[in-house]
Amino acid sequence: MKGSRPEQAVLTRDTDMSKTEDTRRVIETMVDGLNDHRIDDIGEFFTQGFRWMGNQGCGTKTGLKEFQDNWQRPFQAAFSDKTCIDEARLYMGEWAAAFGRQEATHSGEFLGIAPTGKRVEIRYMDFWKVVDGKIVDNWVNVDFAHVAAQLGVDIFNGEGWEAYDRGEKEAPRPEAK
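Reference entry: report on the structure contained in this document. (Residues numbered from 1 in each chain as written. Predicted model: local features only at pLDDT ≥ 70, side-chain atom pairs only at ≥ 80, totals over all residues. Heavy atoms only, no water.)

**Quick word on helix α2 (residues 64-78)**
With 15 residues, α2 extends 20 Å between its outermost C-alpha atoms, agreeing within 8% with the 21 Å of an ideal straight helix rising 1.5 Å per residue. Here α2 has its buried residues at L64, F67, Q68, W71, Q72, F75, Q76 and A78. (Helix = DSSP H or I, 4+ residues; strand = E, 2+ residues; numbered from the N terminus. Expected span 1.5 Å × (residues − 1). Buried < 20%, exposed > 50% of the residue type's maximum accessible area, 1.4 Å probe, protein only.)

Here's what the structure looks like:
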């Protein structure tokens, strides 16, 4: 890339590192609460104006009620016996991040797929901002395509780039300049 570059890491530039342990406590308590399948009383962890910003297929939720009604409830209806396992967590001031998986049983409709009773792995990444002891923002990526594949549905119709990895297709290359 030549010329000026876009400004990077604007949101974390002025983080207060003295808040790291407070952030850790909020996130650890919240994950325990969600593993207990709590929905109605999770305002203990999130502000009323909390923003949950998910990838395509997950949607964006504005406010705690929208998160509860349009994410937590449908997710728990689709997947029972769910356990969240953060494989790694990072903390930096008011910021936290994690990646991991949920292990669950597909017990309700998901992406139009009827319940199968199969155990599935639901991979995710979360980035949280904590202010005054509560989560105000959560950027999320949940791997719905991986879940659908475990349920026998290829949402990429054979066009996923895994075909390159398996040697079934040749990966395109940019034109030389």
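**Some details on helix α1 (residues 20-35)**
For α1, which comprises 16 residues, the first-to-last C-alpha distance of 23 Å matches the rise-based estimate of 22 Å (1.5 Å per residue) to within 8%. Every buried residue belonging to α1 is among T20, T23, V26, I27, M30, V31, G33 and L34, and all of these are buried. Along the axis of α1, the buried residues cluster in a sector spanning 160°; they form a single face. Summarising the contacts, the buried residues of α1 are in contact with β1 (46-53), α2, β3 (79-92), β4 (95-106), β5 (119-131) and β6 (134-142). A positive phi of about 65° marks H37, the residue just after α1. (Arc of directions from axis to C-beta. Contact = heavy atoms within 4.5 Å.)

**Re the sheet that holds β1**
In space, the six strands of this open sheet follow the order β2-β1-β6-β5-β4-β3, with mixed pairing throughout. Of all strands in the sheet, those with a lone pairing partner are β2 (60-62) and β3, marking the two edges. Taken over all neighbouring pairs, the strand axes of this sheet differ in orientation by 25° on average, direction set aside. The sheet contact formed by β1 and β6 spans four bridges and is parallel. Following the sheet pairing, M53 is matched in β6 by W139. Across the sheet, α1 is in contact with β1, β3, β4, β5 and β6; its angle to β3 comes to roughly 170°. (Pairing = 2+ DSSP bridges. Axes fitted to C-alpha atoms, helices over the stretch in contact; angles between N-to-C directions.)

**Here's the deal with the pattern of salt bridges**
Applying the stated criterion across every chain, the model contains 15 salt bridges. The closest approach of N and O atoms between D137 and R51, which form a salt bridge, is 2.7 Å. Note that D137 is positioned in strand β6 and R51 in strand β1, a separation of 86 residues in sequence. You can call D137 buried: its relative accessible area is 11%. (Salt bridge = Lys/Arg side-chain N within 4 Å of Asp/Glu carboxyl O.)

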